[in-house]
Amino acid sequence: MATLLTPRPLPARRLPVAAGALAVAFSLPVFVLAGWRIEGWALGAVLWLASQALGLLFDRVGIHEPTLRGSGIVAFGMMTRGILLVLVAVAVAARDPRLALAGALVYAFAYTFELVFSLLLYFGGRPVR
């Protein structure tokens, strides 16, 4: 239990983002071979890319504002990013539920890869003493 609670430095985001990008790229052949609509894959890829762009934007703002205000901006950005993605997904689902489901699957696959890779890097790092 102590291993899980020991703080570690945050790993760089480049490798987890690359893992997510690979997940998006590898899901395209699955869509093609399964005969699923490419628009669903494109929706998921665009949602994932938009999420990354918004995350980068809010991270940059937080870095340039290294105060409590900066951390608040980053937290607000994380919340806003999720809300915007859900709004787009709901809007698409109201019009075409199958398209929204396909997009959500691609996004979830890429997000899961990114998260798992982030956790592996974090817990694989040396604890801060």
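Computed from a predicted model, the values in this text were never measured in an experiment. (Residues numbered from 1 in each chain as written. Predicted model: local features only at pLDDT ≥ 70, side-chain atom pairs only at ≥ 80, totals over all residues. Heavy atoms only, no water.)

A.B. asks: Mind showing me how you'd approach the nonpolar core here?
C.D. replies: Where a protein is soluble and globular, its nonpolar side chains tend to be buried together. In terms of nonpolar packing, the biggest core is built from 16 residues, with V24 and W41 touching the most fellow members. Elements with a minimum of two residues in this core: α2 (14-34), α3 (38-64), α4 (68-95) and α5 (97-124). For this core, the leading source of residues is α5, giving six residues. Apart from residues lying up to four places away in sequence, V24 is in contact with W41, A45, W48, V106 and A110. (Core = buried A, V, L, I, M, F, W, Y, C linked by side-chain atoms within 4.5 Å. Buried < 20%, exposed > 50% of the residue type's maximum accessible area, 1.4 Å probe, protein only. Helix = DSSP H or I, 4+ residues; strand = E, 2+ residues; numbered from the N terminus. Contact = heavy atoms within 4.5 Å.)

A.B. asks: Hey, could you run me through the confidence of the model for the chain in this one?
C.D. replies: Caution applies to low-pLDDT parts of the model: their predicted coordinates are not meant to be read in detail. The predicted model of the chain averages 86 in pLDDT, with 88% of residues at 70 or higher. Within the chain, the lowest mean pLDDT, 69, falls on helix α1 (residues 2-5), and the highest, 95, falls on α2. (pLDDT = per-residue confidence, 0-100.)

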